[in-house]
Amino acid sequence: MHTVVVGTSGVTASDVLAVARGGARVELSPEAVAALAAARGIVDALAAKPEPVYGVSTGFGALATRHISHELRAQLQRNIVRSHAAGMGPRVEREVVRALMFLRLKTVCSGHTGVRPEVARTMADVLNAGITPVVHEYGSLGCSGDLAPLSHCALTLLGEGDAEGPDGVVRPSGELLAEHGIQPVELREKEGLALLNGTDGMLGMLLLALADLETLYKSADVTAALSLEALLGTDKVLAPELHAIRPHPGQGASAANMLAVLQGSQLTGHHQDDAPRVQDAYSVRCAPQVAGAGRDTMAHARLVAERELAAAVDNPVVLPGGTSLAPGSAGGRVESNGNFHGAPVAYVLDFLAIAAADLGSIAERRTDRLLDKNRSHGLPPFLADDAGVDSGLMIAQYTQAALVGEMKRLAVPASADSIPSSAMQEDHVSMGWSAARKLRTAVDDLTRILAVELYAATRGIELREGLAPAPASRAVIEALRAAGVRGAGPDRFLAPDLAAADAFVRGGHLVAAAEKVTGPLR
């Protein structure tokens, strides 16, 4: 099994995916263990001093003015975990919980949180045992970190609350830890706070969405090319020299992908009606511009994610050297900060939802064009076998339109909102968790929208008798049919076909089928 070693300098997106989706094992590097011990020494020195230090010997948030005596500090750390584990609503997906747990461990191992090495090892042990805390949909405002989601994860480390075992059954966390020989953690100064205070949930969902969208943007290039073929459009608008004079990288990549799929087609540029076209409709002609803008938005989101992956997000943080306004030991200090604010991540999560909604919208417009006999250039109404007796794909487009409508609603930015909390101490929040949750839904919707376009475009191509599609298009159609998605014919129960097309796109099989002919798409 693949093993990810966590050091002091962050992790990569592929590391997060390996742990969240691939079940990779997690180990701590010797450097991380040394950094954990050094930072803990600073916290212990501060804890022994009479002066109050936030997060070490005080309360939290609006209650930070109270100095906590030594005998109450362990209880303080337990209490913050218990009280903050206040989520409600449906369970969050296993891959999301594993991502946020791993990313919290990444920050803990940076040596800036003051957590003991044994706590970090327990976090790794829980991941390696396949134990997944029950985390709920609602409870994070995306500032002071994803507090409630991370608290539910920390609660499992204490042997409290519920978690899902490797068998998928939800049981008390204490039972699961005992079965795997994991000793529950007894928290000390600052450790409870350090386990809760990060952007790990929203960052994890950003990384998962970027991985899915990378495949979906390639898929959209393929379905756009198939629709262009089915509509007898022209591929001249995809010429590299046209895109070189407007040098957006994503646009050029998208046009190149479409051109590669269409190579060798006998369908492009032909007309089967009496109304000659000088230009194709925008939804066909401008496909690279729209998909390309989304690709460039993804590039910016990746940059933000990479910076966040290299970050140590906590409040307060442990820094080496000297003293500060908060008295510390000669070897280091503890400083309050605002790095837990999720704005950088929240913004790009919203940007991606906007771009995905537009990509879904343009795909639906191409599908509608395929089904309209007045605009499809010779295809039967709704691609029906016997129009009037058969309705063809009429209602498949209704479903697609409903998905587009939802994506437009999901494109409304969560990060433009802010709800004050904690007695106005936390008076501006990012809503990044909410942005991430709605992006996950948008990614699912986009997958289904592209599946409907694929279903319609491949049927349209098959109905063009006498003209051969491009070899890549033919490879896609053959793979789709082999996957159980049937072609043209009399009306039948459509939902199973659409579900199979969805699985074909979602599993990356559409891109893989095209790339067998085109080589790697960009």
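Conventions adopted
- Residues numbered from 1 in each chain as written.
- Predicted model: local features only at pLDDT ≥ 70, side-chain atom pairs only at ≥ 80, totals over all residues.
- Heavy atoms only, no water.
- Helix = DSSP H or I, 4+ residues; strand = E, 2+ residues; numbered from the N terminus.
- Contact = heavy atoms within 4.5 Å.
- Polar contact = N/O pair within 3.5 Å; in protein donor to acceptor, adjacent residues only side chain to side chain.
- Disulfide = S-S within 2.5 Å.
- 1 Å grid on protein atoms, 1.4 Å probe; cavity = no way out; pocket = protein on both sides within 12 Å on 5 of 7 lines; lining within 4 Å.
- Points joined across faces, edges and corners; volume = space filled by probe spheres on them.
- Nonpolar A, V, L, I, M, F, W, Y, C, P; charged D, E, K, R; others polar.
- Pairing = 2+ DSSP bridges.

A.B. asks: Just checking my understanding: could you explain the environment of K190 for this structure?
C.D. replies: Looking at the element boundaries, K190 is found in the loop between α7 (173–179) and α8 (191–196). Residues K190 and Y54 lie 136 residues apart in sequence; the distance between their C-alpha atoms is 8.7 Å. When sequence neighbours within four positions are dropped, the list of residues in contact with K190 reads V43, G55, V56, Q77, T113, D314 and P316. Only 2.7 Å separates the side chain of K190 from the backbone oxygen of T113, close enough to count as a polar contact.

A.B. asks: How do you make sense of the state of the cysteines when you look at a structure like this?
C.D. replies: In a disulfide, the sulfur atoms of two cysteines are covalently bonded to one another. Scanning the entire structure with this criterion turns up 0 disulfides. For the unlinked cysteine C143, the closest cysteine sulfur is that of C153, found at 19 Å.

A.B. asks: It is not clear to me how the side chain of S415 should be interpreted in this structure. Could you clarify?
C.D. replies: Here S415 shows up in the loop between α15 (394–410) and α16 (432–462). A polar atom in the side chain of S415 sits 2.5 Å from the side chain of D350. If we skip the residues at most four places from it in the chain, S415 touches A346, Y347, D350 and S430.

A.B. asks: What is the right way to look at empty space enclosed by the protein in this model?
C.D. replies: Sizing a probe to match a water molecule and rolling it over the atoms shows the empty space that remains. Per the counting criterion, the structure on display carries 2 cavities of 30 Å³ or more. Approximately 80 Å³ is the volume found for the largest cavity. In this structure, the largest cavity is lined by M101, R104, M123, L150, C153, A154, L157 and L195. Only α4 (94–108) and α6 (147–157) provide two or more residues apiece to the lining of the largest cavity. Examining the composition of the lining of the largest cavity, we find that 4 residues originate from one element, α6, more than from any other. Here the residues of the lining of the largest cavity sort into 7 nonpolar, no polar and 1 charged. By volume, the second largest cavity is sized at about 30 Å³. Lining the second largest cavity, in full, are A220, D221, A224, A287, A291, L359, I362 and R366. Contributions of two or more residues to the lining of the second largest cavity are made by α9 (200–230), α13 (287–309) and α14 (343–371). Grouping the constituent residues of the lining of the second largest cavity by class yields 6 nonpolar, no polar and 2 charged.

A.B. asks: Can you walk me through the sheet that holds strand β7 (residues 170–172) in this structure?
C.D. replies: Backbone-to-backbone hydrogen bonds pair the strands of a sheet. The strands run either parallel or antiparallel. Spatially, β4-β6-β7 is the arrangement adopted by the 3 strands of the open sheet, whose pairing is antiparallel. For this open sheet the edge positions go to β4 (132–133) and β7, each flanked by a neighbour on one side alone.

A.B. asks: Would you take a moment to explain the layout of surface pockets for this structure?
C.D. replies: Approximately 220 Å³ is the volume found for the second largest pocket. Lining the second largest pocket are 13 residues, with R21, D212, V443, D444 and R506 sitting closest to its centre. Elements with a minimum of two residues in the lining of the second largest pocket: α9, α16 and α18 (495–506). In terms of residue count, α9 provides more of the lining of the second largest pocket than any other element does, 5 residues in total. Residue composition of the lining of the second largest pocket, grouped by class: 5 nonpolar, 2 polar and 6 charged.

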